[in-house]
Amino acid sequence: MEKREQLYEGKAKKVFKTDDPELLIVSYKDDATAFNGLKKGTISGKGVINNKMTNMLMQRLEQAGIPTHFVEELSDRDTLVKKVTIIPLEVIVRNIAAGSFSQRYGVEEGVVFDAPTIEFSYKNDELGDPLLNTYHAVAMKLATPQDIETITKYAFAVNKQLKAFWRECGVTLVDFKMEFGKVADGSIVLADEISPDTSRLWDSSTGKKLDKDRFRRDLGGVEDAYTEIMRRLTQHI
Ligand code: ADP
Ligand code: UDP
């Protein structure tokens, strides 16, 4: 399958049409941004890692009965996916307090929750992806109550699978962001990516951060962390 017209260039990926109207090619870049685009940089090799990691994890999720947009890995950076209409919600599941949760609620980073939490943000860069509740999402016609029920069910199922999987790799899944979309027949699938850009992943024994927080917080060793987390994954799979 060949890339045709570029539909979109985002912060981390480009999206291309193909000759099949129901399929797209996503192409992963090394560009990194944080704080709603305020901080910009590159993480060398990140695009390859995020592409391959997303695809490995999505294939595992499919095996566990969770539908995804994944079709076929075409090259190091390019993947064929089902075209979806993205539901403009960032769906975040958390197992441990960190990041904006810690800041907003004054809960120390690292506090382990008894049960995972879920939250939704309105995917809108101009507004800075504001947090909203499900009633707001329905009022704004971003999703129906049935969509939200399905998304919530899938989001917790994804967390259960990924948490167990990362644990086997010696990695603690702290939190992560998902996007869902509707395919041609109207059914909901997991889309976008699951990577160290969109997840917090801590080494289970040392607590070392192996994710984009190294870039966000200028902790150094960014490339090494991405390489290390990918090594853990490939050694395990
Ligand atoms: P951003 O838009 O936040 O800068 P990216 O650089 O990752 O993010 O761009 C990828 C874009 O493609 C995102 O807007 C995402 O919602 C969208 N997308 C991801 N998967 C699909 C898909 N299967 N079909 C259509 N759009 C998708
Ligand atoms: N996240 C993301 N994209 C966003 C916001 C958050 O992928 O636009 C991910 C982030 O990597 C982390 C989780 O969602 O794994 C929770 O992020 P948080 O709300 O703590 O936001 P932060 O302040 O870190 O951006």
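Quick note: structure is the one above.
Described below are features of the structure shown in this document. All values derive from a computational prediction rather than experimental measurement. (Residues numbered from 1 in each chain as written. Chains lettered and ligands numbered in written order. Predicted model: local features only at pLDDT ≥ 70, side-chain atom pairs only at ≥ 80, totals over all residues. Heavy atoms only, no water.)

### Comments concerning helix α6 (residues 222-236)
Logical step 1: The end-to-end C-alpha separation of α6 is 22 Å, in line with the 21 Å expected for 15 residues at 1.5 Å each.
Logical step 2: For α6, the elements touching its buried residues are α1 (46-63), α4 (145-168), β12 (171-182), β14 (199-203) and α5 (213-216). (Helix = DSSP H or I, 4+ residues; strand = E, 2+ residues; numbered from the N terminus. Expected span 1.5 Å × (residues − 1). Contact = heavy atoms within 4.5 Å.)

### Observations concerning the site of ligand 2
Logical step 1: Near ligand 2 there are 15 residues, and of these Arg94, Ser100, Asp175, Arg200 and Arg216 occur at the shortest range.
Logical step 2: At a separation of 2.7 Å, an oxygen atom of ligand 2 approaches a polar side-chain atom of Arg94.
Logical step 3: Thr198 places a polar main-chain atom, nitrogen or oxygen, 3.4 Å from an oxygen atom of ligand 2.
Logical step 4: In isolation ligand 2 offers 510 Å² of accessible surface; the protein chains occlude 78% of this area.
Logical step 5: If you list the elements that add at least two residues to the shell around ligand 2, you get β9 (89-96), α2 (99-105), β12 and β14.
Logical step 6: Residues of the shell around ligand 2, tallied by class, amount to 3 nonpolar, 4 polar and 8 charged. (Near = heavy atom within 4 Å. Polar contact = N/O pair within 3.5 Å; in protein donor to acceptor, adjacent residues only side chain to side chain. Areas by Shrake-Rupley, 256 points an atom, 1.4 Å probe, with all protein chains shown as cover. Nonpolar A, V, L, I, M, F, W, Y, C, P; charged D, E, K, R; others polar.)

### Regarding the site of ligand 1
Logical step 1: Around ligand 1, 17 residues are found, and the nearest of them are Tyr8, Lys11, Ala12, Lys13 and Glu179.
Logical step 2: Take His69: an N or O atom from its side chain is 2.8 Å from a nitrogen atom of ligand 1.
Logical step 3: Taken together, the elements giving at least two residues each to the shell around ligand 1 come down to β2 (13-17) and β7 (78-82).
Logical step 4: The residue inventory of the shell around ligand 1, partitioned by class, reads 8 nonpolar, 2 polar and 7 charged.

### Looking at the pairing of strand β1 (residues 6-9)
Logical step 1: Examined bridge by bridge, β1 and β2 share 3 bridges and lie antiparallel to one another. Following the sheet pairing, Glu9 is matched in β2 by Lys14.
Logical step 2: Hairpin geometry of β1 and β2 is characterised by an intervening segment of 3 residues between the two adjacent antiparallel strands. (Pairing = 2+ DSSP bridges.)

### Let's talk about the packing of aromatic side chains
Logical step 1: Under the definition given, this model contains 4 aromatic pairs.
Logical step 2: Considering the side-chain rings of Tyr154 and Phe180, the 6.4 Å spacing of their centres and the 25° angle between planes classify their relative orientation as stacked. Linking Tyr154 in helix α4 with Phe180 in strand β12, this pair joins segments that are 26 residues apart in sequence.
Logical step 3: Relative accessible area serves as the criterion here: at 15%, Tyr154 is assigned to the buried category.
Logical step 4: The structure contains a cluster of three or more aromatic residues connected by ring pairs, namely Phe101, Tyr105 and Phe113.
Logical step 5: The side chain of Lys3 reaches across the aromatic face of Phe16, ending 4.9 Å from its centre. (Phe/Tyr/Trp six-rings, centres within 6.5 Å; stacked < 30°, edge-to-face > 60°. Buried < 20%, exposed > 50% of the residue type's maximum accessible area, 1.4 Å probe, protein only. Lys NZ or Arg CZ within 6 Å of the ring centre and 35° of its normal.)

### Quick word on the nonpolar core
Logical step 1: Counting residues in hydrophobic clusters, the biggest one holds 47 residues, and the most contacted among them are Leu89, Leu162, Trp166, Met178 and Phe180.
Logical step 2: Secondary structure elements with two or more residues in this core: β4 (31-34), α1, β9, β10 (112-122), α4, β12, β13 (188-191) and α6.
Logical step 3: Counting residues per element, this core draws most heavily on α4, which supplies 8 residues.
Logical step 4: Contact partners of Phe180, with chain neighbours within four places excluded, come to Thr85, Ile86, Ile87, Val91, Ile151, Tyr154, Ala155, Ile188, Val189, Leu190 and Ala191.
Logical step 5: Counting 5 residues, the second largest nonpolar core, distinct from the first, contains Val15, Leu24, Tyr28 and Val81. (Core = buried A, V, L, I, M, F, W, Y, C linked by side-chain atoms within 4.5 Å.)

### Topic: the environment of Asp78
Logical step 1: Within the element layout of this structure, Asp78 appears in strand β7.
Logical step 2: Distance from Asp78 to Val26, taken between C-alpha atoms, is 5.6 Å for residues 52 residues apart in sequence.
Logical step 3: Residue contacts for Asp78: discarding those within four places in its chain leaves Lys3, Ile25, Val26, Ser27, Asn51 and Glu73.
Logical step 4: Among the polar contacts listed, one links the side chain of Asp78 to the side chain of Lys3, at a separation of 2.9 Å.

### A short note on the packing of α4 against α6
Logical step 1: Packing of α4 against α6 leaves a shortest axis separation of 9 Å and a crossing angle of 90°. Judged on the interaxial angle alone, α6 and α4 are roughly perpendicular. Listed contacts from α6 to Phe165, Trp166 and Glu168 of α4 are Ile229, Leu233 and His236.
Logical step 2: Across the contact of α4 with α6, the residue classes break down as 4 nonpolar, 1 polar and 1 charged. (Axes fitted to C-alpha atoms, helices over the stretch in contact; angles between N-to-C directions. Parallel < 35°, antiparallel > 145°, perpendicular 65-115°, else oblique.)

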